Amino acid sequence: MSQINSPAELEDFRKGILSKRDPNKPCITLCSGSACHATGSGEVAKSLEEELEKQGLSAEVDIRKTGCHGFCERGPIIVIYPDEICYFQIEPDDVPEIISETIKKKKIIERLLCTDPSINEKIIRESEIPFYKHQERLVFGSNGSIDPKSIDDYLSIGGYSALSKALSGMNSGEVLQEIKKSNLRGRGGGGFPAGRKWEESRNAPDEIKYVIVNADEGDPGAYMDRSLLEGNPHSILEGLTIGAYAIGSHEGYIYVRQEYPLAVENVNLAIKKAEEYGFLGKNILGSGFDFIVKVHQGAGAFVCGESSALMTALEGRAGEPRPKYIHTAVKGLWDRPSVLNNVETWANVPLIINKGADWFTQFGTEGSKGTKIFSLVGKITNTGLVEVPMGMTLRDIIFKIGGGIPGGKRFKAVQTGGPSGGCIPEELLDLEVGFDELTKAGSMMGSGGMIVMDEDTCMVDVARYFIDFLTDESCGKCVPCREGLRQMLKILTNITVGKGTEGDIELLEELSETAKEAALCALGKSAPNPFLSTLRYFRDEYAAHIKEKRCPALSCKELIAYHIDPDKCKACMMCLRKCPAEAIDGGKKKIHVIDQEKCTKCGTCFEVCPSKFDAVTKISGEPVPSPIPEEKRIIIKKSKKNE
Amino acid sequence: MSEILLQIDGKEVKAREGMTILEAAQSAEISIPTLCYHEKLEPYGGCRLCTVEVEIRGWTKLVAACLYPVEENLIVRTRTEKVDRIRKMILELLLAHAPDAFVLQDLAQEYGADRDRFEKEASFCIHCGLCVRYCAEVKKKYAVGFVDRGTRKEISFIPEIASKECWDCKECFPLCPTSALQAAFVLTKALFSPPLSSEPESGKQELS
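Source: prediction; values computed, not measured. Each chain has its residues counted from 1, running along the sequence as written. Following the order in which they are written, the chains are lettered starting with A and the ligands numbered starting with 1. Per-residue local features of the predicted model are confined to residues with pLDDT of at least 70, and side-chain atom pairs are confined, for both listing and counting, to 80 or more; whole-chain, interface and lining totals are unaffected and use all residues.

Side note on the sheet that holds strand β2 (residues 62–66) of chain A
All names here are of chain A. The four strands lie next to each other as β2-β1-β3-β4, forming an open sheet whose pairing is mixed. Strands at the two margins of the open sheet, each flanked by one partner only, are β2 and β4 (85–87). This sheet shows a mean twist of 20° between the axes of neighbouring strands, independent of strand direction. When strand β1 (residues 27–31) meets strand β3 (residues 78–81), the two strands line up antiparallel, connected through four bridges. Within β3, the position partnered with C27 by the bridge is Y81. Once C-beta atoms have been placed from the backbone, residue pairs whose C-beta atoms lie within 7 Å are recorded as contacts. Axes here mean lines fitted to C-alpha atoms, for a helix over just the part in contact, with angles spanning 0 to 180 degrees between N-to-C directions. In this description a helix means any DSSP run of H or I spanning at least four residues, a strand means any run of E spanning at least two, and both kinds are numbered starting from the N terminus. Its contacts with the sheet place helix α3 (residues 41–54) against β1 and β2, and it is angled at close to 160° to β1. Note on pairing: DSSP must find at least two bridges between two strands before they are called paired.

A word on the domain arrangement of chain A
Residue and element names in this part refer to chain A. Here chain A is partitioned into domain 1 (25–132), domain 2 (159–360), domain 3 (371–454), domain 4 (459–547) and domain 5 (559–632). Put simply, the middle of domain 2 and the middle of domain 4, counted by C-alpha atoms, are 34 Å apart. Opposite the 13 residues of domain 2 that make contact, domain 4 presents eight residues. Each residue is assigned to one class: nonpolar for Ala, Val, Leu, Ile, Met, Phe, Trp, Tyr, Cys and Pro, charged for Asp, Glu, Lys and Arg, and polar for all the others, Gly among them. Split by residue class, the side of domain 2 that touches domain 4 holds seven nonpolar, four polar and two charged. The split of the chain into domains comes from an automatic or database domain assignment.

Focus: the environment of L314(A)
All names here are of chain A. Residue position: L314 is located in helix α13 (residues 307–314). Sequence separation between L314 and T66 is 248 residues; the distance between their C-alpha atoms is 31 Å. Residues within four places of L314 in sequence aside, it is in contact with Y253, Y255, H296 and L333.

What about the packing of helix α10 (residues 224–231) of chain A against helix α12 (residues 261–277) of chain A?
All names here are of chain A. It is the contact of α10 with α12, at a shortest axis distance of 8 Å, that shows an interaxial angle of 35°. For the pair α10 and α12, the crossing hand works out as left-handed. Between α10 and α12, the residues in contact are R226, L229 and E230 and L262, A263, N266 and V267, respectively. Its residues assigned to classes, the contact of α10 with α12 shows four nonpolar, one polar and two charged. Crossings are assigned a handedness: left-handed for a near helix turned anticlockwise from the far helix by less than a right angle, right-handed for a clockwise turn.

As for the pairing of strand β7 (residues 210–215) of chain A
All names here are of chain A. Burial of β7 is extensive: six of the six residues sit out of reach of the surface. Burial in this document is a count-based property: other C-beta atoms within 10 Å of a residue's C-beta are tallied, and the residue is buried at 20 or more, exposed at 12 or fewer, or partly exposed in between, with C-beta positions derived from the backbone. Here β7 shows no split at all, with Y210, I212 and N214 on one side and V211, V213 and A215 on the other all buried. Pairing between β7 and strand β8 (residues 251–257): six bridges, direction parallel. Bridge pairing links V213 to I254 in β8. Strand direction decides the pairing type here: β7 and strand β10 (residues 338–342), joined by five bridges, are parallel. Pairing of I212 across the sheet is with L340, part of β10.

Structure (structure tokens):
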């Protein structure tokens, strides 16, 4: 491959790629992102290749292993073009039928289609599935249609045309102006306007400047950056290169978690290919602009997602944050001006340059423009990655796209913004998502984690869980975070095990104030959020735990007991047999009784008791009824005649 | 360097560009408490005891005085109710680890901190990092460092370096506000096998 030396050469090359591609030739795209890989897309790919070979169709059908499509709940996903037939949860055994029926005879296989639960009808096309229909997949959409390992695939969908446009038709100031005009705000946490950050770096006097991709995604349950980097690495490289051009940087870094091997592999390959094609390196597209990118693998510290800690780690030292009274945009990596943006932010840049700030700003709200990818997880029917315009309500995201709460349970709260975000209750479901809106509600946008919780979730325990996570991930440099979290965790743990005392809430509030006001970095300052937001909306749950030793969600083990209702027990022996602690006394025709001393509260009896009996209950905050006397436990069956 | 005029606790203070609030306050003999600050070392901002309130163009916020650079017309308040409350909490959190450290006791008295507010976990080290940074920045020996992170973080001597360098130096000992350092050194010595090779007789006596 010889280098592409000008925008004209790029367009010729692109035409060459497209002319070789027949849009009517059947193409089977298979999601090969990490989630689908885990559910067996590797094996599906193998059997697709083998089956096409076997049926003599190898030359007539293309297979494309793409990045994540988003609907991870139903993976592995296959979409067959040009008809866009979408099949879910494919197993290798389904493949021969797909080839012989759908590919050869153009017949739809009903059982592999998605069902729209609202109208109970099968849906054929991917774009008509409710999960996708309500999304606006500007950034994430290409993931499903390209092979991330193929730079030609990226070029075939217009890849690197934004870079070409910026380098040939715009000066660096114009590029900056366009980003400023777009009002693009950082997708990684704080929501700082990207254009302002870029401008600060651009205006800093230093000759050497850096641009950095923050791919140290660490929020529990969040994987949007991972999926972008795995599924469309060139879009991030293109955005980064445009950013470098705008601020006058010639060296960029991608800081990616070591725990993301596929992302590391794909981005390294993308850099290699981009260098070969001349989109990175010296004199890019004949513009005279030079830029190189290096990949740095993080060693697995949540705090390194914080920009100054990330830069410290890039410098080869322990990843600890440093004060940012002088912004990192002016004094960052090796004390040089450094623009750090998260993966999704960079991925937005080529779109803005290509289609213009005016196009971009039609999506979103006054304060938050464009779209946002959320990782929708927890107690939700459609687990997956969703991209929606800013301003969509939480209700629409969770119920229209997410399909609501499974198992007929009631929605309780949604945790947004990662560990240092907050929990938003049911009464705020009509909140429109946006940076400022979420902050006002006591949570934050963060990088886009969305953990849905149902009525069985204890909010005090949720706060304890996240404070535990943050205690583990605190770097330990400053006292309000290291010591404050240590004490907060102790108090919250005590509350969930029934050892809470009067004054705990006030002490937690005081510790929160110290962390919020005096901690060194954003992680420490936002660390009390899980407590503060749950207290704000679920204060009664804290009170119940502390005063009544009761867990209203019946979730905190130490505060609940299991009880078999003697009037309902039919002595079916299910729980008795399954109880791992042998804590259940009973027998055939003998009502079962739980020995509270032996019970480990594992909940097995509760789960296995047949729903038609529904005899096992959870009790909290009140004494367990004393077991019925031995002589009354014998069940005398009515004679069959009477039934 | 240009002169900057700011106000600390109602007093006009002249400072040079590049100075921190703490330095400006010290030059005007206004006292701000610190634990992790040392004039020979790069500011660290770990203990947060020097937290003060600043006001810029009508906006107030809390910042670490040892790090925050002075700017024209900055208004600094070193003893607001909130600042005092936060210092009190910081001291109480640290007293759980080093309840008998004189430095902490004196400060506790000043800020009304309760020595027994939190359950004792006497590890003595308060992670000010003075020893670690002094050894790295001034002595350039890197004989003592932090290991692990968060609540598990502790100071540790690197035996291979410490056995060569520490006996003739020990300049970090007097810097330690809680004497934890000396304990760590003794522990390292006890655990290090074979015995610290270049250990002179006098050193042995000094520490035993």
